[in-house]
Amino acid sequence: MHPTQLEISRRDLLISSAATVAAIGIAGGAAAQASRNEMAYTTKLTFTVNEEGRELDVDNRTTLLDALREHLHLTGTKKGCDHGQCGACTVIIDGRRINSCLTLAIMHEGDAITTIEGLGKPDDLHPMQAAFVKHDGFQCGYCTPGQICSSVAMLAEIQANIPSHVTDNLNAEVAITPVEIRERMSGNICRCGAYSNIVDAIIEVAGTKA
Amino acid sequence: MRPFTYERASSIEAAAKVAASNSQAKFIAGGTNLLDLMKLEIETPAHLIDVNDLGLDKIEATSEGGLRIGALVRNTDLAADETVRRDYGLLSRALVAGASGQLRNKATTAGNLLQRTRCPYFYDTNQPCNKRQPGSGCSAIGGFSRQHAVIGTSDACIATHPSDMAVALRTLDATIESVKGDGSRRSIPIADLHRLPGDTPEIETVLEPGEFITAVLLPRPLGGKHIYRKVRDRASYAFALVSVGAVIQPDGTGRVAVGGIAHKPWRVEAADTELPNGARATSRVLLADARSTGQNRFKIDLVERTLGAVIAAAKG
Ligand SMILES: Cc1cc2nc3c(=O)[nH]c(=O)nc-3n(C[C@H](O)[C@H](O)[C@H](O)COP(=O)(O)OP(=O)(O)OC[C@H]3O[C@@H](n4cnc5c(N)ncnc54)[C@H](O)[C@@H]3O)c2cc1C
Ligand code: SF4
């Protein structure tokens, strides 16, 4: 193994910043510490969240989900399993739904992110939000932001003719059917079991769109 | 998660070079498998090389009449590609049978091939596991092994490879293109990419340290009926217990690979020739050396039955 510039261990950095402290005193030490962090374990990033430019300086380990919740205080996006299994953390990036728990914030430099807060406001609901309320598409509500973000992007996927596991003919236009919707929403788990009302809500929105 | 440094690779060669010279470095593509494992400290890279900006997200025709799929093409885009749907339907079918819409939007072609096993003991850091910690023992042998492999296993590991896409690529005889740390390129037939566990279950592929996958090549289309049949504990969003990927011609000849039963997508070319003789004859050759733990014996029957359903569907 050849040591490279990238392999500087945390220990080496601590040793070198300690040496700097000894040589140039406390102020210099603080500066060295800041640059250590910047160079190694934290990263500055800018992206757009709900059409607003945001700038962050985060620990490289920060998931997009934690950046949204803990740094930007957009707590609408929920942390369920934190392992991509439940869908509560679903957000929309450049039009596509993803699990924000399984991606690093620093991998989204320059991206446009939409969270549940960006889809609509209490006095100006997105049609999907309104339909979930109308059809009682939830009980406890914890999975709901993820369900709604997922369903909005999911309908766009059908419109873009992306096939699913239940699509009969791969070479025909994909139809919006309850079976298609159920299959495509399987990445969003609802422990209250509000599934049938969720499907009703989505069908209503799909119907008014078509 | 352990701390790590991060860079966005600016070229394929630079990415491979850094990775080959730093045993602590890992590529990150969609991140859906790597980050999952990093959270549990099963993977502990000290440096991440983000390979998302290398322009490897294209699907192009090859001069041989096949397709060249960039390593970073997302699973959603590959499944939705018009040519893939028309000429390699098996691949579309396998992709959309895996994971969820959200995950497929992130997951990449190379990342999918290199995803690690879903053996629950591999994930449980309190239990011995030779794959996670070489030499510590295999908890699945003598433990809960219902979902484990029935063929190609060893006394060190009985894990399965979880990818659906890889089963389709094995059926289609895809080739993996890669770049090594010294800049040299090579092509690896999919049959040779994944290893059986043997005494070193922690080594899962023939890729060298730092070797970077740039593309997956598909040969000319085969025609015939393309069928992917996945059997799992729930109808969606679950890994396969058994899956069968097949291309079957009108005369009943064809080829078949099976997922969920081995450390790699399982294909035995001699079994292909038995397809016209039916599911029993084919699975007898496919599973000639099968060895179950008892708990997973059902998979041996399930392969035959799933294959039977696939052969029937091809006639229908
Ligand atoms: C809840 C859940 C359910 C799932 N269900 C299924 C399922 O039913 N079927 C299925 O098949 N899969 C399933 N998956 C797995 C999913 O398909 C994989 O996580 C995904 O395909 C990995 O791709 P990625 O790009 O995110 O890989 P990453 O996580 O980015 O990388 C995976 C590995 O590949 C390496 N790598 C990535 N790109 C390259 C490259 N170009 N060259 C060399 N090395 C590279 C990385 O270093 C890493 O070791 C599921 C995942 C989750 C979380
Ligand atoms: S089967 Fe393999 S992955 Fe699972 S516990 Fe045994 S050694 Fe580990």
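An unreviewed UniProt entry annotates chain B as Xanthine dehydrogenase YagS FAD-binding subunit of Phyllobacterium trifolii.

As recorded by an unreviewed UniProt entry, chain A carries the name Xanthine dehydrogenase YagT iron-sulfur-binding subunit and is attributed to Phyllobacterium trifolii.

Glancing now at the overall build of chain B. Within chain B, the regular secondary structure consists of 13 helices and 11 strands. In terms of overall dimensions, chain B is globule-like: its C-alpha atoms have a radius of gyration of 19 Å, near the 20 Å expected for 316 residues. Dimensions along the principal axes, computed over C-alpha positions, put chain B at roughly 55 × 50 × 35 Å. Per-residue burial over chain B gives 59% buried out of 316 residues. Across chain B, every contact between residues at least 6 apart in sequence was considered, and the portion connecting residues at least 24 apart equals 63%. Of the roughly 12100 Å² of accessible surface on chain B, a fraction of 48% belongs to carbon and sulfur atoms. Across chain B, 39 positive and 34 negative side-chain charges occur, with their mean positions spaced 5 Å apart.

With that settled, the discussion passes to the nonpolar core. By size, the foremost hydrophobic cluster in this structure holds 49 residues, and its most contacted members are Leu 91, Leu 113, Leu 169 and Leu 218 of chain B. Residues contacting Leu 169 of chain B, with those up to four places away along its chain left out, are Leu 91, Leu 113, Ala 174, Ile 190, Val 216 and Leu 218 of chain B. Val 49 of chain A together with Leu 34, Leu 48 and Leu 103 of chain B belong to the second largest nonpolar core, which has 31 residues in total.

Moving on, we get to the sheet that holds strand 4 (residues 96-99) of chain A. Residues and elements named next belong to chain A. Taking strand neighbours across the sheet as the criterion, the 5 strands line up as 2-1-5-3-4 in an open arrangement whose pairing is mixed. Each edge of the open sheet carries a strand with a single partner, namely strand 2 (52-59) and strand 4. Direction aside, the axes of adjacent strands within the sheet are offset by 40° on average. Packed on one face of the sheet, helix 5 (residues 144-159) meets strand 3 (90-93) and strand 4 and runs near 40° to strand 3.

Residue and element names in this part refer to chain B. Assignment of secondary structure puts Thr 117 in the loop between helix 7 (109-113) and helix 8 (120-123). Of the residues examined, Thr 117 reaches a relative accessible area of 4% and is grouped as buried. At 2.8 Å, the side chain of Thr 117 forms a polar contact with the backbone oxygen of Thr 160. Beyond its immediate stretch of four places on either side in the chain, Thr 117 contacts Phe 122, Tyr 123, Lys 131, Ala 159, Thr 160 and Pro 162.

Residues and elements named next belong to chain B. Counted according to the given criterion, the structure contains 2 aromatic pairs over all chains. Between Phe 27 and Phe 212, the ring centres sit 5.0 Å apart and the planes meet at 65°, which makes this aromatic pair edge-to-face. Taken together, the residues Phe 27 in strand 2 (residues 25-28) and Phe 212 in strand 8 (residues 212-218) connect sequence positions 185 residues apart. Relative accessible area serves as the criterion here: at 24%, Phe 27 is assigned to the partly exposed category. Classification of Phe 212 by relative accessible area gives buried; the value is 4%. Here the aromatic rings of Phe 122 and Tyr 123 are separated by 6.0 Å at their centres, their planes lie at 80°, and the arrangement is edge-to-face. Exposure class is identical for Phe 122 and Tyr 123. Each is buried.

Once that is clear, we can look at the sheet that holds strand 1 (residues 5-8) of chain B. Residues and elements named next belong to chain B. Taken in spatial order, the 3 strands line up as 1-3-2 in an open sheet, and their pairing is parallel. The two strands at the open ends of the sheet, each matched to only one other strand, are strand 1 and strand 2. Geometrically, the sheet is characterised by an average inter-axis angle of 25° between neighbouring strands, direction not taken into account.

With that settled, consider the site of ligand 2. Close to ligand 2 lie 14 residues; Cys 119, Cys 129, Cys 138, Cys 157 and Ile 158 of chain B are nearest. A per-class count over the shell around ligand 2 returns 10 nonpolar, 3 polar and 1 charged.

Okay, the pattern of salt bridges next. Inspection of every chain in the model, using the stated rule, returns 32 salt bridges over all chains. For Glu 52 of chain A, the salt bridge goes to Arg 54 of chain A, with nearest N and O atoms at 3.7 Å. The partner of Glu 304 of chain B in a salt bridge is Arg 280 of chain B, with the nearest N and O atoms 3.0 Å apart. With Glu 304 of chain B in helix 13 (residues 298-315) and Arg 280 of chain B in helix 12 (residues 279-286), the pair connects residues that are 24 residues apart, well separated along the chain. The partly exposed category is assigned to Glu 304 of chain B, whose relative accessible area is 21%. In this structure Arg 280 of chain B comes out as exposed when scored by relative accessible area, which is 52%. If you follow the salt bridges from partner to partner, you end up with Arg 170, Asp 173, Arg 255, Arg 267, Glu 269 and Asp 272 of chain B in one network.

For the rest of this paragraph, the subject is the interface of chain A and chain B. Every contact between the two is made by 49 residues of chain A and, on the other side, 47 residues of chain B. At the boundary of chain A with chain B, total buried surface from both sides reaches about 3900 Å², with 54% on carbon and sulfur atoms. Where chain A touches chain B, the interface holds 2 salt bridges. For the pair chain A and chain B, the number of links is 22 residue pairs in polar contact (both at pLDDT 80 or more). Counting residues per element, the ones that place at least two in the side of chain A that touches chain B are helix 1 (10-40), strand 4 and helix 5 of chain A. Here the side of chain A that touches chain B gets 4 residues from one element, more than from any other, and that element is strand 4 of chain A. Tallied by class, the residues present in the side of chain A that touches chain B amount to 17 nonpolar, 22 polar and 10 charged.

Moving on: the side chain of Thr 63 of chain A. Residue and element names in this part refer to chain A. Assignment of secondary structure puts Thr 63 in the loop between strand 2 and helix 2 (64-71). On the basis of relative accessible area, Thr 63 is assigned to the buried category, the value being 3%. Among the polar contacts made by the side chain of Thr 63, one reaches the main-chain amide nitrogen of Asp 66 at a distance of 3.1 Å.

Here is what the cut-offs are and how they apply
- Residues numbered from 1 in each chain as written.
- Chains lettered and ligands numbered in written order.
- Predicted model: local features only at pLDDT ≥ 70, side-chain atom pairs only at ≥ 80, totals over all residues.
- Heavy atoms only, no water.
- Helix = DSSP H or I, 4+ residues; strand = E, 2+ residues; numbered from the N terminus.
- Rg over C-alpha atoms; globule rule 2.2 N^0.38 Å.
- Buried < 20%, exposed > 50% of the residue type's maximum accessible area, 1.4 Å probe, protein only.
- Contact = heavy atoms within 4.5 Å.
- Areas by Shrake-Rupley, 256 points an atom, 1.4 Å probe, with all protein chains shown as cover.
- Lys, Arg positive; Asp, Glu negative; His and termini not counted.
- Charge placed at Lys NZ, Arg CZ, Asp CG, Glu CD.
- Core = buried A, V, L, I, M, F, W, Y, C linked by side-chain atoms within 4.5 Å.
- Pairing = 2+ DSSP bridges.
- Axes fitted to C-alpha atoms, helices over the stretch in contact; angles between N-to-C directions.
- Polar contact = N/O pair within 3.5 Å; in protein donor to acceptor, adjacent residues only side chain to side chain.
- Phe/Tyr/Trp six-rings, centres within 6.5 Å; stacked < 30°, edge-to-face > 60°.
- Near = heavy atom within 4 Å.
- Nonpolar A, V, L, I, M, F, W, Y, C, P; charged D, E, K, R; others polar.
- Salt bridge = Lys/Arg side-chain N within 4 Å of Asp/Glu carboxyl O.
- Buried area = accessible area lost by both parts, 1.4 Å probe.

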